[in-house]
Amino acid sequence: MSHTTQRYAFGAASLGIAVAIACLPVWSGPAQAQSPSQGMTRSVSAEETYRDIEQTLGLVPSFFKAFPDAGIAGAWAEFKAVQLNPQTQLSGKEKELIGLAVAAQVPCHYCVYFHTAAARLHGASEAEIREAVAMAAITRHWSTVLNGMLVDEAQFMKETDTAMAMAAAKMKGGTAPTSAKGQ
């Protein structure tokens, strides 16, 4: 897709979202309840969410309490459904190593601390932790080169496809395809 086409598609999608939001019914907000521990008004949904967080984690970490009441139920649902869910496609260790790699690049020392501890809890070795961070650094390095040098994206994709086909053939023990000159 050309950059012009992408801009028009993005603009159309943005307009569609804006229209959809404008057509939503007016919402008066969640019911309110007094939180004795906080001395402030919290929504019933937030209070229910905090109870679930405490039941799951043994406490309600301050970063969850800092999140706006209007979104805490959704934020917790996402966190619980993906990060804490042992039935997803990625193992807990894999998810935490990804989280660590991203946190190292963002950078966020809170997230580095959390994901390192969680990766260890899920059985990640020190070598795996170091490798995840190194992969983040390698990815950032080459992303900087590719973007900074304005490498042709179509050519890059073509070369990547050729390299992946060769790697796949080698992995299968077959003969790798020969590369054509000028690719």
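Please refer to the structure placed before this passage.
Residue positions within a chain follow its written sequence, with the count starting from 1. Given that this is a predicted model, residues contribute local features only at a pLDDT of at least 70 and side-chain atom pairs are listed and counted only at 80 or more, while totals for whole chains, interfaces and linings are drawn from all residues. Each side-chain value is worked out from all heavy atoms of the structure, with water and hydrogens disregarded.

On to the packing of helix α2 (residues 44-57) against helix α4 (residues 69-83). Comment: axis = line fitted to C-alpha atoms, over the contacting stretch for helices; angle = value between 0 and 180 degrees taken between N-to-C directions. Per the convention used, a helix needs a DSSP run of H or I reaching at least four residues, while a strand needs a run of E reaching at least two, with both numbered from the N terminus. It is the contact of α2 with α4, at a shortest axis distance of 8 Å, that shows an interaxial angle of 30 degrees. One way to sum up the angle between α2 and α4 is to call them roughly parallel. Once α2 is placed against α4, the crossing between them reads as left-handed. Residues Ser 45, Ala 46, Thr 49, Tyr 50, Asp 52, Ile 53, Thr 56 and Leu 57 of α2 touch α4, and the partners they reach there are Asp 69, Ile 72, Ala 73, Trp 76 and Lys 80. Comment on the angle field: the value is read as roughly parallel under 35 degrees, roughly antiparallel over 145, roughly perpendicular from 65 to 115, and oblique elsewhere. Helix crossings fall into two classes, left-handed where the near helix is turned counterclockwise from the far one by less than a right angle and right-handed where it is turned clockwise. Any two residues having at least one pair of non-hydrogen atoms within 4.5 Å are treated as being in contact.

Looking now at helix α6 (residues 109-121). Here, expected helix span is obtained from the residue count minus one, scaled by 1.5 Å. With 13 residues, α6 should cover 18 Å at 1.5 Å per step; its first-to-last C-alpha distance of 18 Å lies within 8% of that length. Relative accessibility decides the category of a residue: with a 1.4 Å probe and only protein chains considered, values under 20% of the type maximum give buried, values over 50% give exposed, and everything between is partly exposed. Buried residues of α6: His 115, Thr 116, Ala 118 and Ala 119, and no others. Here the buried face of α6 lies against α4, α5 (92-105) and α7 (126-148). Gly 123, located one to two residues past α6, shows a positive phi value of around 95 degrees.

Within the largest apolar cluster, 8 residues are counted, these being Ala 46, Tyr 50, Ile 53, Val 60, Phe 64, Ile 72, Trp 76 and Phe 79. Contributions of two or more residues to this core are made by α2 and α4. Beyond its immediate chain neighbours, meaning those up to four positions away, Ile 72 contacts Ala 46, Thr 49, Tyr 50, Phe 64 and Phe 67. Remark: nonpolar core denotes a set of buried residues (Ala, Val, Leu, Ile, Met, Phe, Trp, Tyr, Cys) joined through side-chain atoms within 4.5 Å. Within the second largest apolar cluster, 6 residues are counted, among which are Leu 97, Ala 124, Ile 129 and Ala 132.

Before going further, it helps to spend a moment on unusual backbone geometry. Cis peptide bonds are those with omega within 30 degrees of zero, and the linkage from Val 106 to Pro 107 qualifies with -20 degrees. Inspection of the secondary structure assignment puts Pro 107 in the loop between α5 and α6. In the Ramachandran plot, Leu 150 falls in the positive-phi region, its phi being about 50 degrees despite a non-glycine side chain.

By definition, no residue in a patch forms a salt bridge, and every one has over 30% relative accessible area; like charges are joined within 9 Å, nonpolar side chains (Val, Leu, Ile, Met, Phe, Trp, Tyr) within 5 Å. Note on areas: Shrake-Rupley with a 1.4 Å probe; residue coverage comes only from the protein chains shown. The working definition used for a salt bridge is a side-chain nitrogen of Lys or Arg within 4 Å of a carboxyl oxygen of Asp or Glu. A cluster of nonpolar side chains, namely Leu 90, Ile 98, Val 102 and Val 106, defines an oily patch on the protein surface of about 350 Å² accessible area. Relative to the helices and strands, Val 106 is located in the loop between α5 and α6. Residue Val 106 is classed as exposed on the basis of its relative accessible area of 57%.

This part is about the packing of α5 against α7. The contact between α5 and α7 brings their axes to 8 Å, and the two run at 45 degrees. Our classification of the angle between α5 and α7 gives oblique. As for how α5 packs across α7, the hand of that crossing is right-handed. Along the contact surface, α5 presents Lys 93, Leu 97, Leu 100, Ala 101, Ala 104 and Gln 105, while α7 presents Glu 128, Ile 129, Ala 132, Val 133, Ala 136, Ala 137 and Arg 140. Polar here means any residue other than Ala, Val, Leu, Ile, Met, Phe, Trp, Tyr, Cys and Pro, which are nonpolar, and Asp, Glu, Lys and Arg, which are charged; Gly is therefore polar. The residue inventory of the contact of α5 with α7, partitioned by class, reads 9 nonpolar, 1 polar and 3 charged.

We now examine the packing of aromatic side chains. Ring pairs shown here join Phe, Tyr and Trp side chains whose ring centres sit within 6.5 Å, with only the six-membered ring taken for Trp; geometry is labelled stacked below 30 degrees between planes, edge-to-face above 60, and tilted in between. All chains considered together, the criterion is met by 4 aromatic pairs. Arranged with centres 5.3 Å apart and planes meeting at 90 degrees, the rings of Phe 64 and Trp 76 form a pair that is edge-to-face. Highlighted residues: Phe 64 in helix α3 (residues 62-66) and Trp 76 in helix α4, separated in sequence by 12 residues. By way of ring pairs, the aromatic residues Phe 63, Phe 64, Trp 76 and Phe 79 are connected into one cluster.

Bear in mind that shape data such as this cannot, by itself, settle questions of function.
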